[in-house]
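Here are the chains, one letter per residue:
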There are 4 protein chains.
Amino acid sequence: MVITDSLVDFLIETRKQTEAICSPLEIEDYVVQPIEDVSPPKWHLGHTTWFFEEFILKVFQDDYQVYDEDFSFIFNSYYETVGERVIRADRGNLSRPSVSKIYSYREHVDNHLKALLEKVDSDDLFEILEIGIHHEKQHQELLLTDIKYILGNNPIFPKYSDFYQENEIEVTEKEWISVEENVYSIGHKTNEFCFDNELSRHKVFLHDFQISNRLVTNKDYTEFIESGGYDNFKLWHAEGWDWVKQNQIKSPLYWHKIHGKWYQYTLKGLHPVDMDAPVSHISYFEAFAYAQFKNCRLPTEFEWEVAQQHFSWGQRWEWTESAYLPYPNYKKAEGALGEYNGKFMVNQKVLRGSSIATPIKHSRPTYRNFFHPHLRWQFTGIRLAK
Amino acid sequence: MVITDSLVDFLIETRKQTEAICSPLEIEDYVVQPIEDVSPPKWHLGHTTWFFEEFILKVFQDDYQVYDEDFSFIFNSYYETVGERVIRADRGNLSRPSVSKIYSYREHVDNHLKALLEKVDSDDLFEILEIGIHHEKQHQELLLTDIKYILGNNPIFPKYSDFYQENEIEVTEKEWISVEENVYSIGHKTNEFCFDNELSRHKVFLHDFQISNRLVTNKDYTEFIESGGYDNFKLWHAEGWDWVKQNQIKSPLYWHKIHGKWYQYTLKGLHPVDMDAPVSHISYFEAFAYAQFKNCRLPTEFEWEVAQQHFSWGQRWEWTESAYLPYPNYKKAEGALGEYNGKFMVNQKVLRGSSIATPIKHSRPTYRNFFHPHLRWQFTGIRLAK
Amino acid sequence: MVITDSLVDFLIETRKQTEAICSPLEIEDYVVQPIEDVSPPKWHLGHTTWFFEEFILKVFQDDYQVYDEDFSFIFNSYYETVGERVIRADRGNLSRPSVSKIYSYREHVDNHLKALLEKVDSDDLFEILEIGIHHEKQHQELLLTDIKYILGNNPIFPKYSDFYQENEIEVTEKEWISVEENVYSIGHKTNEFCFDNELSRHKVFLHDFQISNRLVTNKDYTEFIESGGYDNFKLWHAEGWDWVKQNQIKSPLYWHKIHGKWYQYTLKGLHPVDMDAPVSHISYFEAFAYAQFKNCRLPTEFEWEVAQQHFSWGQRWEWTESAYLPYPNYKKAEGALGEYNGKFMVNQKVLRGSSIATPIKHSRPTYRNFFHPHLRWQFTGIRLAK
Amino acid sequence: MVITDSLVDFLIETRKQTEAICSPLEIEDYVVQPIEDVSPPKWHLGHTTWFFEEFILKVFQDDYQVYDEDFSFIFNSYYETVGERVIRADRGNLSRPSVSKIYSYREHVDNHLKALLEKVDSDDLFEILEIGIHHEKQHQELLLTDIKYILGNNPIFPKYSDFYQENEIEVTEKEWISVEENVYSIGHKTNEFCFDNELSRHKVFLHDFQISNRLVTNKDYTEFIESGGYDNFKLWHAEGWDWVKQNQIKSPLYWHKIHGKWYQYTLKGLHPVDMDAPVSHISYFEAFAYAQFKNCRLPTEFEWEVAQQHFSWGQRWEWTESAYLPYPNYKKAEGALGEYNGKFMVNQKVLRGSSIATPIKHSRPTYRNFFHPHLRWQFTGIRLAK
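Residues numbered from 1 in each chain as written. Chains lettered and ligands numbered in written order. Predicted model: local features only at pLDDT ≥ 70, side-chain atom pairs only at ≥ 80, totals over all residues. Heavy atoms only, no water.

Undergrad: Even after reading the chapter, I still don't get the interface of chain B and chain A, so can you show me in this structure?
TA: Often, the extent of an interface is quoted as the loss of accessible area on bringing the components together. Contacts between chain B and chain A engage 36 residues on the former and 36 residues on the latter. Regarding the contact of chain B and chain A, the summed buried area is about 2800 Å², with carbon and sulfur atoms giving 59% of it. At the surface where chain B touches chain A, the tally comes to two salt bridges. A salt bridge links Glu181(A) to Lys203(B); its shortest N-O distance comes to 3.5 Å. Seen at the junction of chain B and chain A, the total is 14 residue pairs in polar contact (both at pLDDT 80 or more). Going through the elements one at a time, strand E3 (202-206), helix H7 (238-247), helix H8 (284-293) and strand E8 (317-323) of chain B are the ones with two or more residues in the side of chain B that touches chain A. (Contact = heavy atoms within 4.5 Å. Buried area = accessible area lost by both parts, 1.4 Å probe. Salt bridge = Lys/Arg side-chain N within 4 Å of Asp/Glu carboxyl O. Polar contact = N/O pair within 3.5 Å; in protein donor to acceptor, adjacent residues only side chain to side chain. Helix = DSSP H or I, 4+ residues; strand = E, 2+ residues; numbered from the N terminus.)

Written as structure tokens, this is what we have:
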């Protein structure tokens, strides 16, 4: 394998895009961590950079001097192999290193990477570089959703920017797509990049099923709310019901009832809910309860993958009924990168598709996203099956 | 359907067996609840009785007077449909009703049931009666494991009885059983009783796999401990690793290292670990880590069901890799009984087989047990696959 | 000092009285611990006995064989000096040793004590014996209040007995007693027994003050409730207000509003609140807020001690404004008994007087009781000062 | 009363000093809240300004337009009277309003205050102005200690500045000062400003006592550490011992043992502990345990006030044995300012003196500071009595 210019371009373009996402922020917005699941933007900037320094520069550039020894400690995330790390819940307590120092760190690592790529021709390097780029794209999506959480939970509700269209309306007529029972092949098959959890490609038997060509809208979901969906335990899992009661959940995240009318915080600020747009920011528990309410169910991830060519997708990550588990003959990578996916394969639900926050070149029919069933800060949605 | 004598006999035999399990107890043992997952034995005695009173006597015997109005409140478990209930964690705070009053309650309900069954011939009644009997059998298993927890966490380590053989040794030679890839049918198929979660029978594609004909032994597991298995994060799920660290887990439940030697609390008291017996009282997290340590994996519940005729089982509930999810075309029952299984189908793992605590007529190849991945107080074990 | 018959009699009478308090209980009532502050009755029975075994029999009877080695572990309370102990919150998980075994333990220790007292004449022994008796009397009071908590938090509200008159009415006319400013002497002065925290007798300067000759009644307190006292933060300490909000406190402990009318659980069962009786089971936070509501204050413990001869007391432990602190020249005892009082002298409030649960020969004007400001399960009351 | 120029000057000088304290900070340092007790610097800047806007501009300037309605919500602290407020623990989640916007707010309010003071002559205004200035001075001290906590808990240990001399050494020879028993007068008596909790001046009887002329040094305290002071429960209150065990406390806050040597984070960065300097950042629990270790005790606040003229003080806030309670005839202020002190008078300990972080004109012999007994982030110290 010879490194193509396109990989270098891909790197540069990706690195720039991360910074572009941050461009509307005030310095203060880079720092805070309102809940443990949300990381401060400065941490994302540093962590994605640390990944390249740790797994490429320190490995492939012999005389490489680390930018700052402390950064390994601060920007390491979950890679237990690589030594101690700052407890996740403490990320928002780190006022230093400053944002400007982190931008210098990014520049330093980018420059070294570019220089290295001009002289080294190593398949191992290219493979990790590609993972690093896709790793950064994953963080771009988290970065945007974390920014939304930071601003959307501020009592002032600051606007982020007008760039993202969160609420595009699906105009095709709603219908059920039928798929016949058969043995289907599931998993990644092209030569393009994929994560380890999309492999190996394998066979699954599916019974007849139907799946909606449209996402559930805010209007649909409002009907659930107004029919007392949040007060009817019969629609919920036992754990979902406990979650609703303990957190007094009464609507999707970012919804506020003001003088009897529903408002929604979007990246453009606080505005009335657009009833025709797809519902977003609901947990798996809510998606499941909504499906029960409609006498339907959520599709499995296999059903979704088989049917996805028959409908358009990409606005919302779509909750599936599938638990996040390894495919048959799943092999996790050696070394620290082996911690990437496999160790999360318990107590999480698979989401399929992608969202308006997903970076370009980062969605494909076999991509498996996963979150705990109570989480809502991603741009999640509902597609029904039966 | 005409009620057969055998169903009445089955009822009486089951009701007696519950009381037989309690016969070695002191009154004080019936009362305590050391952790939320463990219910006091008196609660099991009352709750299984309440089930018959609530769903049979109150429904099918027109002039039925409830034994005590308070008991509906106290012995209701998770049936939100049927009204308020005592919070699960408070069950151990109820010194009243006394144990003797609960035995009177049992006698009262038994007598009414017998009288009713002599005169009423109703398929609906028989169906619920059968569920009630199997419900009580499920509680018999919990009763025994809860008793073990209550006595086994007492610093005096009181003996329960010599009746149960927890540590029978498998003497067949260890070997891998091979199963070929194919579409297999999964789920209950006979006319005998089964729970709703074993239906509907459906097809699953399985790739080639191998499964051990033997359970992992205490000796095998000791090797894992002594090789630092509990200190090697690479073997664990991220959540498993957090669980190990937070709870300082260093061995299976009920193991104690005394003067350098492993002891184990069994129903017969505290004794040296029998190294040739199957390991027990391990969580899914531990089962998974052990499998990683051996470069193997746990079987899925489908693999287990297909292969089970080729090995003997019944000593340990066996953790599978499968998440507890509904089968295709799963229908939950109407009314309060609909809460029985479906609402637990998130964040739990399936166990297959049965254990030395399982009552007779209560195990079958399609039975699906389920627990959260950190729980250990059941007689759980490990069977490897690859 | 020669041991008088009266000390032996005092011992025997005290030991019997503890058992008399338990006589109305079912076996099950001895076992439970609904909250950490409440100990199971069987624990009180064992712990008071262990005290005599540990500090007298093991010390003064040379060949003494302990009744059961495990009991030192189980019935030790807070005496860190004497070795490991069962965590307080776990006392309710110990079904064994059984109640009958604990009664045998009591008999064994009593017999040894009596035999020892016939032959040994030691001032050291007599001194510890006297402490042991008074220690058991303290536990008699806790035993009764713990029993009330156990039964009063059972949804069935079982009656304990008709013996105790919780709600005797004060019939004297209400008036303010005036005390003039002066230097007063505070602390124990007679030759009778007292605890170390009542010493040394010392001087305190008091400014002019007035103190009520009557306790606040349920009627008085109902006025506070109905005027919105629990909703008016201005009346409360910041910590008191947090406590009210977090625990949704709306009335004294054991009060229940049923069909618009106040009921109160007493040792005689659930009955309408007797409006003329002194209010009981209120926290210091509530006592303080009530005093603010009346534009008064609580007396200091010094004011109370100086004024107490001018009013009758003994129904309710009375909250004072004083923090529990050592008197000038306070000396804590040597050895394990030194842990008795001094180590609790932070974050607690002094209560003066005694209550209907206080054993005979266990109240005196200098007695200092103390609890955390949020606790309510004692028979506490309010006397105003200004 | 005519407003003197000096009061305006005092205001301006105080407002400037708050900003001077922040001058060494990066923007990011203004935002974070590592623990609930520590507020972000930007919050202090806004809150002290809000106080003047809320209690002066909104009251005394008829046509006053509030700078931003949201700020009342965000910068209100504990004044329940004035409406809803951001939960204390969430202060560190507010990236907006930005630091620069808060500085604009300060300027706006300062300008309005100056204009108002030129035309209004009102004793009520001057009284609240004076409280506002002293309120801001209190926050200056908290601001500095909070900054130390924010930087000192950053793994990079950034230096704040060289300005403050935390570790000045007391060179006078150590001796015991004796005070004779008598009735003494306690509390504020001059015409200068004081807080309500320093009144009313009243009489207290003190027995003979001795008090050290010197603070305990780091060397003294190291002796306590090395003699196993943190492992000897006999020296501790029960709650102190629990605190030590739960938090694994082994040294004062900001001490780190690196390669066998003690280092201490100060505002100048991480440096070896200066053994001759007074110990700092210890809790009341530690101060008490140290005194027990030396067979001494802590002085009461009354002893301290009477003796203070005989020794120099001002480096460390000194823990006393006294609980924070109202003086006889204490009157809390009307309205929202009444919440200032009285509502904290439970479960806290009095500290006397002042510290190197105390602003000028903000210390006096009658000043009563108060904190919960486990807190350590202030510049606290120990002076022994006996």
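Undergrad: What is the right way to look at the relation of the copies chain C and chain D in this model?
TA: A rotation about some axis, followed by a shift along it, carries one copy of the chain onto the other. Between the two copies, chain C and chain D, the superposition gives an RMSD of 0.0 Å; the rotation angle is 180 degrees and the shift along the axis is 0.0 Å. What the rotation and shift describe, once combined, is the action of a two-fold rotation axis. Here 100% of the interface residues in chain C have copies in chain D that are interface residues too; the copies meet face to matching face. (Least-squares fit on C-alpha atoms with pLDDT ≥ 70 in both.)

Undergrad: In this structure, what is going on with the interface of chain C and chain D? I would like to understand it.
TA: In this complex, chain C contributes 36 residues to the contact, which on the side of chain D involves 36 residues. For the pair chain C and chain D, the summed buried surface comes to about 2800 Å²; carbon and sulfur atoms form 59% of the total. Run the count over chain C and chain D and you get two salt bridges. On inspection of chain C and its partner chain D, the count reaches 14 residue pairs in polar contact (both at pLDDT 80 or more).

Undergrad: I tried to follow the arrangement of the chains on my own but got confused; where do I start?
TA: Nothing in chain A touches chain C, and the closest approach of their C-alpha atoms is 14 Å. Regarding chain B and chain D, the two do not touch, and the least distance separating their C-alpha atoms is 14 Å.

Undergrad: Explanation requested: helix H4 (residues 99-119) of chain C in the structure shown.
TA: An α-helix turns once every 3.6 residues. As a result, residues three or four positions apart point the same way. Residue and element names in this part refer to chain C. Along its 21 residues, H4 runs 31 Å from first to last C-alpha, staying within 8% of the 30 Å computed at 1.5 Å per residue. Taken together, the buried positions of H4 are Val-99, Ile-102, Tyr-105, Arg-106, Val-109, Asp-110, Leu-113, Leu-116 and Leu-117. Taken end-on, H4 shows its buried residues confined to a sector of 135 degrees, consistent with a single buried face. Turned more than 90 degrees off the buried face of H4, the exposed positions are Ser-100, Glu-107, Glu-118 and Lys-119. (Expected span 1.5 Å × (residues − 1). Buried < 20%, exposed > 50% of the residue type's maximum accessible area, 1.4 Å probe, protein only. Arc of directions from axis to C-beta.)

Undergrad: Can you walk me through the nonpolar core in this structure?
TA: Nonpolar side chains in soluble globular proteins tend to end up buried together. Core analysis: the largest hydrophobic core is formed by 185 residues, its most contacted members being Trp236(B), Ile382(B), Trp236(C) and Ile382(C). Those residues in contact with Trp236(B) that lie beyond four places of it in its chain are Lys343(A), Phe224(B), Gly229(B), Tyr230(B), Trp241(B), Trp243(B), Val244(B), Phe285(B), Glu286(B), Phe288(B) and Ala289(B). Core analysis: the second largest hydrophobic core is formed by 184 residues, Val86(A), Leu143(A), Phe10(D) and Ile147(D) among them. (Core = buried A, V, L, I, M, F, W, Y, C linked by side-chain atoms within 4.5 Å.)

Undergrad: How should the domain arrangement of chain A be read in this particular structure?
TA: All names here are of chain A. The domain architecture assigned to chain A consists of domain 1 (5-152) and domain 2 (176-381). A separation of 27 Å is found between the C-alpha centroids of domain 1 and domain 2. Counting from both sides, the interface comprises 28 residues of domain 1 and, opposite them, 27 residues of domain 2. Carbon and sulfur atoms make up 64% of the area that domain 1 and domain 2 hide from each other, which totals about 2600 Å². There are one salt bridge connecting domain 1 and domain 2. Along the contact surface separating domain 1 from domain 2 lie ten residue pairs in polar contact (both at pLDDT 80 or more). Looking at the side of domain 1 that touches domain 2, the elements that each hand over two or more residues are helix H1 (5-22), helix H2 (41-60) and helix H5 (123-152). (Domains from an automatic or database assignment.)

Undergrad: I would appreciate a short explanation of the relation of the copies chain B and chain A in the present structure.
TA: Between chain B and chain A, the superposition needs a rotation of 180 degrees and an axial shift of 0.0 Å, giving an RMSD of 0.0 Å. Both copies share a contact surface, since 100% of the interface residues of chain B are interface residues in chain A too.

Undergrad: Mind showing me how you'd approach the packing of aromatic side chains here?
TA: Per the counting criterion, the structure on display carries 151 aromatic pairs over all chains. Considering the side-chain rings of Phe233(B) and Trp241(B), the 6.2 Å spacing of their centres and the 65 degrees angle between planes classify their relative orientation as edge-to-face. Of the two residues, Phe233(B) and Trp241(B), both sit in the buried class. Looking at Arg91(A), its charged tip hangs above the ring of Trp43(A), at a distance of 3.5 Å from the centre. (Phe/Tyr/Trp six-rings, centres within 6.5 Å; stacked < 30°, edge-to-face > 60°. Lys NZ or Arg CZ within 6 Å of the ring centre and 35° of its normal.)

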